Amino acid sequence: MTPEWYVLIEEDTWMNERADGVSLSLHRWRLAGTYRIGQDEAAAVAAAEDAALQYLPRALALRARHGDEPGREAFLGRDGVWVVSVRQRELECHVRVSIARLMHARKEAEAPPKSLKEKLRGALDGPPPLPQPWSPPGRPAP
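An account of the accompanying structure is given in this report. (Residues numbered from 1 in each chain as written. Predicted model: local features only at pLDDT ≥ 70, side-chain atom pairs only at ≥ 80, totals over all residues. Heavy atoms only, no water.)

What about the side chain of Glu11?
Part 1 of the reasoning: Within the secondary structure layout, Glu11 lies in strand 1 (residues 4–19).
Part 2 of the reasoning: Engagement of the side chain of Glu11 in a polar contact is seen with the backbone nitrogen of Arg58, the distance being 3.4 Å.
Part 3 of the reasoning: When near neighbours in sequence (up to four residues on either side) are disregarded, Glu11 contacts Arg28, Trp29, Arg30, Ala32, Tyr55, Pro57, Arg58 and His94. (Helix = DSSP H or I, 4+ residues; strand = E, 2+ residues; numbered from the N terminus. Polar contact = N/O pair within 3.5 Å; in protein donor to acceptor, adjacent residues only side chain to side chain. Contact = heavy atoms within 4.5 Å.)

Examining the nonpolar core
Part 1 of the reasoning: In terms of nonpolar packing, the biggest core is built from 14 residues, with Ile9, Trp82, Val84 and Val97 touching the most fellow members.
Part 2 of the reasoning: Secondary-structure elements contributing two or more residues to this core are strand 1, helix 1 (41–54), helix 2 (58–61), strand 4 (82–88) and strand 5 (91–102).
Part 3 of the reasoning: Every residue in contact with Val84, bar those within four places of it in the chain, is listed here: Ala52, Arg72, Glu73, Ala74, Cys93, His94 and Val95. (Core = buried A, V, L, I, M, F, W, Y, C linked by side-chain atoms within 4.5 Å. Buried < 20%, exposed > 50% of the residue type's maximum accessible area, 1.4 Å probe, protein only.)

Quick look at the structure:
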């Protein structure tokens, strides 16, 4: 497999929940986009910089009006990862932009449906054992 460079954009997504009368703001990072650039690493670095300076997070894009120009602070880390803070109308979003090489890809595969005989056998024998968790080669699984 020839190395293909990608620009990865992650967004900090949040939702507000109430639990026991307390308002909670729950945050999590999600991969918002993967953009194939090609075999040129320099082109991927330039595309990542452009994304860090231009990309508008979905939460702000949904509320944007024609002519809006959000505030933006973009930080470039030593490892080449951009961390961006974008603000507009008292709403702030965070974005991470990085470049990466695609090293492995596998398509999803589903097992064939169980026959009636296999379903009955499973009901009588109980569930199959869980797969072992990953551990480094040469070390026993926890």
